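What follows is each chain in one-letter form.
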Amino acid sequence: MINLATLCFDVFLNGWNDATAGPLLPRIQAYYGIGFAIVSLIFVCSTVGFITGAFLNVYLTDKYGFGKVIVIGSILQCIAYALVAPGGPFPLMCVAYSLVGFGLSLQNAHYNAFVASSKDNAPTKIGILLAAYGLGALVAPLVSTQFAQQEHWAYYFIISSGMYALNSALLWIVFRGRRQDDIKAEADDLSPQQEVVMSNKYAQIFKIREVHILSLFALLYVGVEVTIGGWTVSYVQETRNGTSDAGYISSGFFAGMTLGRIFLMWLNEKIGERRALFIYALLAIILEVTVWVVPSLIENGVAVAFVGLLLGPMYPILVHHSTHILPRWLLTGCMGYISSIGQAGSAVLPFLTGLLASKFGIASLQPFIVSMMSVMMLVWALVPRVRHVPT
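Residues numbered from 1 in each chain as written. Predicted model: local features only at pLDDT ≥ 70, side-chain atom pairs only at ≥ 80, totals over all residues. Heavy atoms only, no water.

*Asks:* Tell me about helix α13 (residues 273-293), and please be specific about residues and values.
*Replies:* Think of an α-helix as turning once every 3.6 residues; residues three or four places apart then point the same way. The end-to-end C-alpha distance of α13, which contains 21 residues, comes to 31 Å, matching closely the 30 Å that a straight helix rising 1.5 Å per residue would cover. Among the residues of α13, Glu 273, Arg 274, Ala 276, Leu 277, Tyr 280, Ala 281, Ala 284, Ile 285, Glu 288 and Val 291 are the ones counted as buried. Tucked inside the fold, the buried residues of α13 contact α10 (209-239), α12 (265-271), α14 (297-311), α15 (314-325) and α17 (365-382). (Helix = DSSP H or I, 4+ residues; strand = E, 2+ residues; numbered from the N terminus. Expected span 1.5 Å × (residues − 1). Buried < 20%, exposed > 50% of the residue type's maximum accessible area, 1.4 Å probe, protein only. Contact = heavy atoms within 4.5 Å.)

*Asks:* How would you sum up the packing of aromatic side chains? Please name residues and give values.
*Replies:* When we look at a pair of aromatic rings, we describe it by the centre distance and by the angle of the planes. Taken as a whole and assessed by the stated rule, the structure comprises 18 aromatic pairs. Consider the rings of Phe 66 and Phe 114, whose centres lie 5.0 Å apart with planes at 25°: the pair is stacked. Of this pair, Phe 66 sits in helix α4 (residues 66-84) while Phe 114 sits in helix α5 (residues 90-116); the two residues are 48 residues apart in sequence, bridging distant segments of the chain. By relative accessible area, which is 1% here, Phe 66 ends up buried. Residue Phe 114 is classed as buried on the basis of its relative accessible area, which comes to 4%. (Phe/Tyr/Trp six-rings, centres within 6.5 Å; stacked < 30°, edge-to-face > 60°.)

*Asks:* Could you give me a rundown of the environment of Val 307, with the residues and numbers involved?
*Replies:* Here Val 307 is to be found in helix α14. A sequence separation of 286 residues divides Val 307 from Ala 21, and the C-alpha atoms of the two residues are 19 Å apart. The contact partners of Val 307, leaving out residues within four places of it in the chain, are Ile 228, Phe 253, Ala 284, Leu 287, Glu 288 and Met 373.

Here it is as structure tokens:
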């Protein structure tokens, strides 16, 4: 429980990071005098960091182990936010977001793999872990919306840097730089099929077709989630005459996501996780269409919150379903790769949104989100059903 609680705080800060941009994007554009396309470069830099982390994760884990690598990721984020806090030149912010992407990639890979390989109650633990993400994403816009209205908006990142300093200390105190197998053995949580993935298993991981399908789904899902939470504020301000308080809509979205991850677990089990995801996606698309065509600020805010509720259970379903279709002796490496590529979606899709907004206006956000959700459903249809996997 101590291990899980510590990782939940790490995931809480992951959600905090992903939901930060929404209320601050208009303020960043005004401060630096840049448009949608240029401000989206921070997402490009995050993408570079995420992808770099995805490919280096297995090597770093083999060399240093879980306990050291996850702390390195947290420390990098602490440094990155400290670089942004003075409100320096925009290129410095881009460099900092590269570090953020790399650090997040390492942490995301390890906490997902650590919890997914739990000996008992893995689905519940995954739901709790990822609900912490939604909670962090709920709180962040409430705070960043206030800073977006202040002259020294960048001071917000002092809070982020401080929290990651605390997180780094907690990760080191609890896990003491040890390898995953050693930590789990001490807590009697070591699955008999679990094995640390060594660097010479890259080839085996990349040859598994399901890994790439799940990675694509994760990239689309995380990208849609962060795009809605980030760009909806700009969309509402420009098309629905919203004020800076529109940042609270982002909090409503992530509040729905948190509730969905906790309170829809029973429904997932009742109707089957694979079928549930199709139903959630279809309903989310319908609601997103109403945000597109109904010119009402209140309706849009409520609809976005319910979209969050429906999107919430999808990532826990993905993580749990992966444990049933991937070889368990490669599970840690596979989950690290899937989650890292998925986390890159939080940079790729928001960047594409910025390019579209620069060319066609922010009104292009909703058709883009609807189309990505539709593709997400098609990709999920390619994911195999639960089956016996080799140990």
